[in-house]
Protein chains: 4
Amino acid sequence: MTDLAAVKAALRTQSVETPSWAYGNSGTRFKVFTQAGVPRSPREKLDDAAQVHEFTGAAPTVALHIPWDRVDDYASLAAYAQERGLRLGTINSNTFQDDDYRLGSVCHPDPAVRRKAVGHLLECVDIMDATGSRDLKLWFADGTNYPGQDDIRARQDRLAEALSEVCARLGDGQRMLLEYKLFEPSFYTTDVPDWGTAYAHCLRLGEKAQVVVDTGHHAPGTNIEFIVATLLREGKLGGFDFNSRFYADDDLMAGAADPFQLFRIMFEVVRGGGFGPGVAFMLDQCHNIEAKIPAIIRSVMNVQEATAKALLVDRDALAAAQRSGDVLDANAVLMDAYNTDVRPLLAEVREELGLDPDPVAAYRRSGWAMKITEERTGGRQSGWGA
Amino acid sequence: MTDLAAVKAALRTQSVETPSWAYGNSGTRFKVFTQAGVPRSPREKLDDAAQVHEFTGAAPTVALHIPWDRVDDYASLAAYAQERGLRLGTINSNTFQDDDYRLGSVCHPDPAVRRKAVGHLLECVDIMDATGSRDLKLWFADGTNYPGQDDIRARQDRLAEALSEVCARLGDGQRMLLEYKLFEPSFYTTDVPDWGTAYAHCLRLGEKAQVVVDTGHHAPGTNIEFIVATLLREGKLGGFDFNSRFYADDDLMAGAADPFQLFRIMFEVVRGGGFGPGVAFMLDQCHNIEAKIPAIIRSVMNVQEATAKALLVDRDALAAAQRSGDVLDANAVLMDAYNTDVRPLLAEVREELGLDPDPVAAYRRSGWAMKITEERTGGRQSGWGA
Amino acid sequence: MTDLAAVKAALRTQSVETPSWAYGNSGTRFKVFTQAGVPRSPREKLDDAAQVHEFTGAAPTVALHIPWDRVDDYASLAAYAQERGLRLGTINSNTFQDDDYRLGSVCHPDPAVRRKAVGHLLECVDIMDATGSRDLKLWFADGTNYPGQDDIRARQDRLAEALSEVCARLGDGQRMLLEYKLFEPSFYTTDVPDWGTAYAHCLRLGEKAQVVVDTGHHAPGTNIEFIVATLLREGKLGGFDFNSRFYADDDLMAGAADPFQLFRIMFEVVRGGGFGPGVAFMLDQCHNIEAKIPAIIRSVMNVQEATAKALLVDRDALAAAQRSGDVLDANAVLMDAYNTDVRPLLAEVREELGLDPDPVAAYRRSGWAMKITEERTGGRQSGWGA
Amino acid sequence: MTDLAAVKAALRTQSVETPSWAYGNSGTRFKVFTQAGVPRSPREKLDDAAQVHEFTGAAPTVALHIPWDRVDDYASLAAYAQERGLRLGTINSNTFQDDDYRLGSVCHPDPAVRRKAVGHLLECVDIMDATGSRDLKLWFADGTNYPGQDDIRARQDRLAEALSEVCARLGDGQRMLLEYKLFEPSFYTTDVPDWGTAYAHCLRLGEKAQVVVDTGHHAPGTNIEFIVATLLREGKLGGFDFNSRFYADDDLMAGAADPFQLFRIMFEVVRGGGFGPGVAFMLDQCHNIEAKIPAIIRSVMNVQEATAKALLVDRDALAAAQRSGDVLDANAVLMDAYNTDVRPLLAEVREELGLDPDPVAAYRRSGWAMKITEERTGGRQSGWGA
């Protein structure tokens, strides 16, 4: 039997970090469709993020991307966030949008380019000091497009050297989250293509280095919850970038493509003791064609629903069925939780927190979308390029 | 025994159409790296294409992309091409880069958007009349990102209606090549996702409608040469967009990722009677990080090498082994051709045509790369956006 | 607004055919684990199938596989079924387990082997006449393992010839369902690898030939509901082989791996008018490690739950959101139905039919499992080989 | 410039271990096709393996599979091998064909089953002591088919405990090679699904534990040569199971499906210092439909050809191109080696060793196939089950 009060208590504590870039324009290599009302500055992104938190109560922190969110005064930005009930979260580096990075950044064959890239990463730690952020999230676009283009192994050596220097710079209470990705924008090799590579580097780097799992970054057929369970067992799961994909790194709303998978992932998080401060729940999404703020609200809700179902699993019954080798019963215990409609439960949790039980509807009624469409005219909309 | 003289004669007749857009800048959603010397106009693209043809003798036509190659006077552009030993080839439409196309073009739920898209396609036929092009190549980015977003079946009805109108507009000797693609830029559904869908539409449209196979547009594990053989058997293979991929639609140089696959495809073309005017050999590539002109020369050469090997297959011996059910012998006959180093043979063919046996080296010696780097300063470089 | 009474009425009419072979032993190439109580004859398979129908009320027909279910007197077998409230359903042919079929059956290079295979298919139609079955389901293991092994196109010619002869033999009211499969047991080419190939053959064969979709037979990333919508639009969807897969043709319980996908498929069935006699709902599963009868009951229930959710979709609201281009609203309408817990609704439907609301629990209480374990000793258990 | 004499010298030293089970019958879950002349005992398998070595000069060791090759007196079997110019090689364990292993072996929820499985592994080490084998190859079929079936993480604990006990039992000079595999025969989770999991276990186990890479055991899109380079860099690559696949674990002849990939793998082996005694080159194949002995000879030759091409890469030129960032030149250096026809070079190497330059033809002339077909009548052919 699951303890409903405990489930609700756990759900009340869950927070999902939203990424500043999801509020800006995004697209594919074919087209970036612009949307009316999109923020033109980091402050306007925070304004939008504050809406998400206001209606969900579950998105108190916002991840920044440098240089897209570069400002002169990070302390001032942090204060701006605080006034809106937010905190600045993870700092995401960018070593893929400068012309120098055509053949890589920290893995580039030219030491001067590597130096520049490491310099950027160190700047990100400086920013963390200013913002009070705990986590530096590192995703490298590094890789090659053609066999022979560069030395696979030498690139690992260069990567290790760069990571080591950055890790040494981290202060107490700061962490480095290393992200892996199967492919894109590199097509032949990617320098951190899988969890094994990220894990091997993090192991050498020590306790401050942790692996981050982006749910869209795996080969077809990969069992992501297995990776989650394994990394938790090894003490090396630092967090998630949640999003959905049907085929590649589609960056759709979390829970939109395979809600059962998201549930299974959250179940391994709960089962493995990952439901706590050590594992960061973050979104990393691109709302190319849908309205951005309600899409982010919906994504937060989808994570909550998957979590609620995971918490509802009757773990004693599950363990008993597993021990007895009853395949059907064990599966049925899990499915019983998954098939539960947890929306009423989450509505209760919201009402107990003084929130509207239907965050999307409440947001729509708020008039915010019309307000930003009217007010945010002129200037340059934020996007991946800025 | 293969007849070497016949193989060489066939190789002399082979031509590969190069795409104007491959001479311009391209990239991923993360970054478009610009390169020095990139063309700033359709005429400069033709200048570069003329280099490819000068050194390979096998790339006499250039595909245009509308609106990227829109000019006021297509007859004048055709004359410009002719002066450089080229002809204008396939016209490629673009119904994915206008803000109106956020939810699709010919499949859009709004009839006004569909009308606009069809208008563009009809404009492309007008251009074909002016350029003397035979083929209209249609690739639709249409699709949806989320389950429920639109009605899958209604979109097929809209697609059929648009294709029918455009097909009816084609003149004698003009064709419509319908391209399919698994995913990207749409992630949940694509309105022409596979050869079966393209085939079903082309069948209803009649003889002028043919399927085009882009080698990078399939799900993992798909046997492309099977599709080639099947479409040839059905009389519905209109041509190829050659390129390479390791995972998705990577658009790398043809033959770079899986040269054995390209050979198998070319073998089915030869075996199925597709080595003739009815099947267009085209490149559709993006040279994001490598020098563009020599990459295109290399790609043409890779197609030639695969073709040479396909022509070298001892088909009598193969048929005998197949009839006798000798799996190993049949495979060995095919592999014997594949394992042959055909570079000397192709060098001979080139010398007989008065060409340098090593096109890449000849291009490099020509000084063209330095010339365009110096001369093409100022102005706006061509890319996917223009 | 959905009409609950209509939904329940529709659910009451739904039937799912169970396959005789799912009651027997099965496994992988590594091992077939035997289970206690497994049937030793076609009659005992029918006894088990009767249990599934007794507790679900939704599995009145049983598919036979020839020669695994070969008997001397099919009329007598049909009568045996009828006494147990069942009917004999689809006849499945087998042209892959005779030593002669090492290199194929109807596509074999040797005409004598092809003759033998066609003879078997014609025998299956004879059996249909005796059993009163409507559908002949054809799945061919034909293909090749190595490039060059056989002529891809000639094999299509042979296939077409065989299908044509068998189709001509079908009587009024009889159909031929042609199944496609990406790979396995052939690894390089499969002679009917995708829906396009099956569709092209069925088109030429005429109205009696229809395509059957096995949900485990696609490449990764394939959108199955798109195929369903397309085949329904073309009038060529004959039925389903339901099962689940994570990577290949895993043949797990329907709805176990991706319940959201099964829901999306059922929604396209409902939307496309496929919820009627023309589209056969069949299971094709292997219960390698779990108890077979309750696994089949669970699978029937999973199909029912997906259907119930599909029927609950508010199609007016969906159409309105789609027309207006509101991506999030349209998706939300679909998800609202999916997120509904339909188990209480189905429990009501069952009770109204005089059934236990919990078929698995009722089956377990029945003592059948213990009975067959005790009684079915001696003899040879049924499996894929018999 | 590559040193041809050094290349030939290296090729002369290369040996490829052949697996005893490849000489016996194999198949898919659908059918095992038997072949005439297949061995009926471990000794007859060695007789066949001696043929492979006689004609290639490169297959001096034979891997055994326990219990398929269980004999009363392993010293006598080793002597029998030695008389035929062979040595007994890697010992492969089997913990997947006993009814007790339905839910796993070393990861089974029941400690009694785990105990039995560990006992078998320890028996394999005893056999190694008797045969003088260096390597114990561990592949576990362990996993689950359904979500919830068992506790993912607890299974890792059980696995670690078993591996630790077996590793402790290894003598000086003995190693444990841990194999990973994406899926099959388990479909939902596999307990060692990827190199990362195998690596993490081997790291804790210490120097005697190494990872083995089976080229058919990866998800689509996985870059295997990257894994090879990474494991070599970490000092954890113990060997290869070579074979080919188009989609899943097809176990076709090495080099048959993607010869370019095999070349790239061998290049990383050479580049990473893996061409030496520390990395075992083994075949793991199933010749379901083709003649077995010549298929194995062909596979050894394919590995040799890929190796020859890898050795021919002009590494100085490659390094220079890579350093200068010339993508096309670097790729061209690699492709130049790949496009070379190395069959004449290998023919020379064979002739210098006193072998026939064409091993397959020589084998066919030898009359061995006819001899075993005539002599090996009666008795029970070897297969996966024995």
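Conventions used here
- Residues numbered from 1 in each chain as written.
- Chains lettered and ligands numbered in written order.
- Predicted model: local features only at pLDDT ≥ 70, side-chain atom pairs only at ≥ 80, totals over all residues.
- Heavy atoms only, no water.
- Helix = DSSP H or I, 4+ residues; strand = E, 2+ residues; numbered from the N terminus.
- Contact = heavy atoms within 4.5 Å.
- Areas by Shrake-Rupley, 256 points an atom, 1.4 Å probe, with all protein chains shown as cover.
- Lys, Arg positive; Asp, Glu negative; His and termini not counted.
- Charge placed at Lys NZ, Arg CZ, Asp CG, Glu CD.
- UniProt positions renumbered as here; feature names shortened; annotations may be inferred.
- Buried < 20%, exposed > 50% of the residue type's maximum accessible area, 1.4 Å probe, protein only.
- Polar contact = N/O pair within 3.5 Å; in protein donor to acceptor, adjacent residues only side chain to side chain.
- Buried area = accessible area lost by both parts, 1.4 Å probe.
- Salt bridge = Lys/Arg side-chain N within 4 Å of Asp/Glu carboxyl O.
- Nonpolar A, V, L, I, M, F, W, Y, C, P; charged D, E, K, R; others polar.
- Right-handed = clockwise from strand over helix to strand, strands pointing away.
- Expected span 1.5 Å × (residues − 1).
- Axes fitted to C-alpha atoms, helices over the stretch in contact; angles between N-to-C directions.
- Parallel < 35°, antiparallel > 145°, perpendicular 65-115°, else oblique.
- Left-handed = near helix turned anticlockwise from the far one by under 90°.
- Least-squares fit on C-alpha atoms with pLDDT ≥ 70 in both.
- Phe/Tyr/Trp six-rings, centres within 6.5 Å; stacked < 30°, edge-to-face > 60°.

A.B. asks: Before we go on, may I ask you to explain the overall build of chain A in this structure?
C.D. replies: If you tally the helices and strands in chain A, you get 14 helices and 10 strands. Taken along its principal axes, the extent of the C-alpha atoms in chain A is 60 × 55 × 40 Å. In chain A, of all internal contacts separated by at least 6 residues, the share reaching a separation of at least 24 is 78%. A total accessible area of about 11900 Å² is found for chain A, and carbon and sulfur atoms account for 49% of it. Distance between charge centroids for chain A: 2 Å, based on 41 positive and 55 negative side chains.

A.B. asks: When you look at the UniProt feature "domain: Xylose isomerase-like TIM barrel" (unreviewed entry) in chain A in this model, what are you seeing that I'm missing?
C.D. replies: When the UniProt feature table is mapped to this numbering, "domain: Xylose isomerase-like TIM barrel" (unreviewed entry) covers residues 72-247 of chain A. Helix makes up 40% of residues 72-247 of chain A and strand 18%, and the two end C-alpha atoms of the span are 39 Å apart.

A.B. asks: Got a minute to help me understand helix α7 (residues 224-233) of chain C in this structure?
C.D. replies: Each α-helix winds once per 3.6 residues, and so residues spaced three or four apart point in a common direction. Residues and elements named next belong to chain C. Within α7, nine of the 10 residues are buried, which leaves it mostly tucked inside the rest of the structure. Listing the buried residues of α7 in full gives Ile224, Glu225, Phe226, Ile227, Val228, Ala229, Thr230, Leu231 and Leu232. With a side-chain oxygen lying 3.2 Å from the backbone nitrogen of glutamate 225, the N-terminal cap of α7 falls on asparagine 223.

A.B. asks: Help me out: how do you make sense of the environment of Arg376(D) in this one?
C.D. replies: Residue and element names in this part refer to chain D. Locating arginine 376 in the fold gives a position in the segment after α14 (368-375). In this structure the C-alpha to C-alpha distance between arginine 376 and valine 38, which are 338 residues apart in sequence, comes to 7.2 Å. Aside from chain neighbours lying at most four places away, what touches arginine 376 is Gly37, Val38, Pro39, Arg40, Glu44, Asp47, Asp48 and Trp368. Among the polar contacts listed, one links the side chain of arginine 376 to the backbone oxygen of glycine 37, at a separation of 2.8 Å. A distance of 3.3 Å separates a polar side-chain atom of arginine 376 from the backbone oxygen of glutamate 44.

A.B. asks: Is there a simple way to explain the interface of chain A and chain C in this structure?
C.D. replies: Accessible area lost upon the coming together of the parts serves often as the stated size of an interface. Contacts between the two partners involve 30 residues from chain A, matched on the other side by 30 residues from chain C. With both sides pooled, the region where chain A packs onto chain C buries about 2300 Å², and carbon together with sulfur makes up 55% of that total. A per-residue breakdown of the area chain A buries against chain C is headed by Leu328(A), Asn339(A) and Arg343(A), which together make up 24% of the total. The tally of links between chain A and chain C comes to six salt bridges. Linking Arg364(C) and Asp329(A) is a salt bridge whose minimum nitrogen-to-oxygen distance equals 2.7 Å. Counting the contacts that link chain A with chain C gives five residue pairs in polar contact (both at pLDDT 80 or more). Among the elements of the structure, α8 (259-271), α9 (292-312) and α11 (327-338) of chain A are those that each provide at least two residues to the side of chain A that touches chain C. Element by element, the count of residues in the side of chain A that touches chain C is highest for α11(A), at six residues. Considering only residue class, the side of chain A that touches chain C consists of 15 nonpolar, four polar and 11 charged.

A.B. asks: What's the story with the pairing of strand β9 (residues 237-242) of chain D in this structure? I'm lost.
C.D. replies: Residue and element names in this part refer to chain D. Counting buried residues in β9 gives six out of six residues, a clear majority hidden from the surface. Each parallel crossover has a hand, and the one from strand β8 (residues 209-214) via helix α7 (residues 224-233) to β9 is right-handed. Where the polypeptide runs from β9 across helix α8 (residues 259-271) and back to strand β10 (residues 280-283), its parallel neighbour, the crossover connection is right-handed.

A.B. asks: I tried to follow α8(D) on my own but got confused; where do I start?
C.D. replies: All names here are of chain D. Taking 1.5 Å per residue as the helical rise, α8 with its 13 residues ought to reach 18 Å, and the 18 Å between its terminal C-alpha atoms agrees with that figure. Among the 13 residues in α8, 12 count as buried, and that is most of the element. Regarding α8, the residues found buried are Pro259, Phe260, Gln261, Leu262, Phe263, Arg264, Ile265, Met266, Phe267, Glu268, Val269 and Val270. One or two residues past the end of α8 sits glycine 273, with phi positive at roughly 75°.

A.B. asks: Help me understand the packing of helix α2 (residues 42-56) of chain A against helix α3 (residues 74-83) of chain A in this model?
C.D. replies: If you want to describe how two helices pack, look at the angle between their axes and the distance between the axes. All names here are of chain A. Direction vectors running N to C along α2 and α3 enclose 25°, while the axes themselves pass 10 Å from each other. Our classification of the angle between α2 and α3 gives roughly parallel. Our pair here, α2 against α3, has a crossing hand that is right-handed. Note on element contacts: α3 touches α2 through Ser76, Leu77, Tyr80 and Ala81, opposite Pro42, Arg43, Leu46 and Asp47. Here the residues of the contact of α2 with α3 sort into five nonpolar, one polar and two charged.

A.B. asks: What is the right way to read the pattern of salt bridges from this model?
C.D. replies: A side chain of one charge can pair with a side chain of the opposite charge when the charged atoms of the two come close. Across all of its chains, the model carries 158 salt bridges over all chains by this definition. Residue Asp142(B) is joined to Arg155(B) by a salt bridge in which the shortest nitrogen-to-oxygen separation is 4.0 Å. Of the two residues, Asp142(B) sits in the loop between β4 (135-138) and β5 (143-144) while Arg155(B) sits in helix α5 (residues 152-169), which places them 13 residues apart along the sequence. Classification of Asp142(B) as buried rests on a relative accessible area of 2%. Note on Arg155(B): relative accessible area 1%, which makes it buried. Beyond isolated ion pairs, a larger network of salt bridges with shared partners links Arg29(A), Lys181(B), Glu184(B), Asp249(B) and Asp251(B).

A.B. asks: Looking at this model, I keep getting lost on the relation of the copies chain D and chain A. Mind explaining?
C.D. replies: The relation between the two chain copies is a rotation about an axis coupled with a shift along that axis. Here chain D sits on chain A after a turn of 180° about the axis and a move of 0.0 Å along it, with an RMSD of 0.0 Å. On the angle and the small slide along the axis, the relation comes out as a two-fold axis. Measuring from the rotation axis to each C-alpha of chain D, the shortest distance belongs to Gly196(D), at 2.0 Å. When the interface residues of chain D are mapped onto chain A, 100% of them are again interface residues, pointing to one common binding face.

A.B. asks: Can you walk me through the packing of aromatic side chains in this structure?
C.D. replies: To describe a pair of aromatic rings, one takes the distance between the centres and the angle between the planes. Residue and element names in this part refer to chain A. Tallied over the entire structure, the rule returns 76 aromatic pairs over all chains. Ring geometry for phenylalanine 96 against tryptophan 139: centres 5.1 Å apart, planes inclined by 65°, an arrangement best described as edge-to-face. Here the residue phenylalanine 96 occupies a position in the loop between β3 (87-92) and α4 (111-131), and tryptophan 139 occupies one in the loop between β4 (135-138) and β5 (143-144), the gap between them amounting to 43 residues. Neither residue differs from the other here; phenylalanine 96 and tryptophan 139 are each classed as buried.

A.B. asks: Can you help me understand unusual backbone geometry in this one?
C.D. replies: Outside of glycine, negative phi angles account for most residues, and trans bonds account for most peptide bonds. Of note, the bond from Ile66(A) into Pro67(A) is cis; its omega dihedral lies within 30 degrees of zero at 20°. Cis geometry is adopted by the peptide bond preceding Pro185(A), which originates at Glu184(A) and carries an omega value of 10°. Along the polypeptide, Pro185(A) turns up in the loop between β6 (175-179) and β7 (189-190). We note that Asp251(B) has phi near 55°; this positive angle belongs to a residue other than glycine. Positionally, Asp251(B) belongs in the loop between β9 (237-242) and α8 (259-271).

A.B. asks: How should I be thinking about the side chain of Gln51(A) in this particular structure?
C.D. replies: For Gln51(A), the position within the fold is in helix α2. Note on Gln51(A): relative accessible area 8%, which makes it buried.

A.B. asks: I'm lost on the relation of the copies chain A and chain C in this one. Help?
C.D. replies: When chain A is fitted to chain C, the residual RMSD is 0.0 Å, and the transformation amounts to a turn of 180° plus an axial shift of 0.0 Å. The overlap is high: 100% of the interface residues of chain A also sit at the interface in chain C, so the same surface is used on both sides.

A.B. asks: Just to check I follow, could you spell out the environment of Asn145(A) for this structure?
C.D. replies: With respect to the element layout, Asn145(A) can be found in the loop between β5 and α5 (152-169). With 47 residues separating them in the primary sequence, Asn145(A) and Val192(A) have C-alpha atoms 14 Å apart. When neighbours within four sequence positions are excluded, Asn145(A) is seen to be in contact with Pro185(A), Ser186(A), Phe187(A), Tyr188(A), Phe246(B), Leu252(B) and Ile289(B). A polar atom in the side chain of Asn145(A) sits 3.0 Å from the backbone nitrogen of Phe187(A).

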